[in-house]
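Each chain, letter by letter, is given below.
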Amino acid sequence: MIRETVQSAHPVLPQRCRPVTEVTEEITTLVADMLDTMVDANGVGLAAPQVGVDLRLAVIDVSHDPECISFLKVNGEDAELDSIMPLVFINPELAFGQAKEFGMEGCLSIRGIRAEVRRPESVKATLPQLDGTVLEIETDGLLARALQHEIDHLNGVLFVDRLPPVAKVSMRNRLKRLLEQQDQS
């Protein structure tokens, strides 16, 4: 089922989400709905708070572009992108590489706005799975950016919060206009 994606003014978005303590039927249904919602919106990732749910749960699928990464290690072994997509995880932990790069980002919770965001090029993510196993993923490219973006959502951070101060001022005005347009529709 496709769920409504909440927008930037929603109160769940700026807060750190609660950990998933038990994988229930409701969680399994939520995951299926989030995957449907992400695909329907042509997104590459979706975090539970984006559908109004205060839980540390996210989904990612970048398999449409197998060239979007230069390396992928899963539990210390070289792996193919398709082997882990779609990626579903709860209660993630993230470590960052030193080098940083700019990349264009958008967000299903801030429709119509994109911006260049500076983030670490590579990450090492510890991603507990719904079945109790844990994936250790090391990667770069779009997958690294998507992991950082979705985990930011779980910590109450939007991509616009990562912009430099001057860009934030301009973005605040754009967001204000966007919210006014949404209120009128």
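What comes next concerns the included structure. (Residues numbered from 1 in each chain as written. Predicted model: local features only at pLDDT ≥ 70, side-chain atom pairs only at ≥ 80, totals over all residues. Heavy atoms only, no water.)

## Here's the deal with the pairing of strand β5 (residues 87-90)
Okay, step 1: What you see with β5 is no split at all: Leu87 and Phe89 on one side and Val88 and Ile90 on the other are buried throughout.
Okay, step 2: Bridge analysis of strand β2 (residues 57-60) against β5 gives 4 bridges, and the strand direction is antiparallel. Bridged to Ile60 within β5 is Leu87. (Buried < 20%, exposed > 50% of the residue type's maximum accessible area, 1.4 Å probe, protein only. Helix = DSSP H or I, 4+ residues; strand = E, 2+ residues; numbered from the N terminus. Pairing = 2+ DSSP bridges.)

## Thoughts on the layout of surface pockets
Okay, step 1: By volume, the largest pocket is sized at about 470 Å³.
Okay, step 2: Val44, Glu105, Gly106, Cys107 and Arg114 are, among the 24 residues lining the largest pocket, the residues nearest its centre.
Okay, step 3: Here the lining of the largest pocket is composed, by residue class, of 9 nonpolar, 9 polar and 6 charged.
Okay, step 4: Taken as a whole, the second largest pocket spans an internal volume of roughly 290 Å³.
Okay, step 5: If you trace the second largest pocket, you find 18 residues lining it, with Phe96, Arg119, Pro120, Gln148 and Arg162 closest to the centre. (1 Å grid on protein atoms, 1.4 Å probe; cavity = no way out; pocket = protein on both sides within 12 Å on 5 of 7 lines; lining within 4 Å. Points joined across faces, edges and corners; volume = space filled by probe spheres on them. Nonpolar A, V, L, I, M, F, W, Y, C, P; charged D, E, K, R; others polar.)

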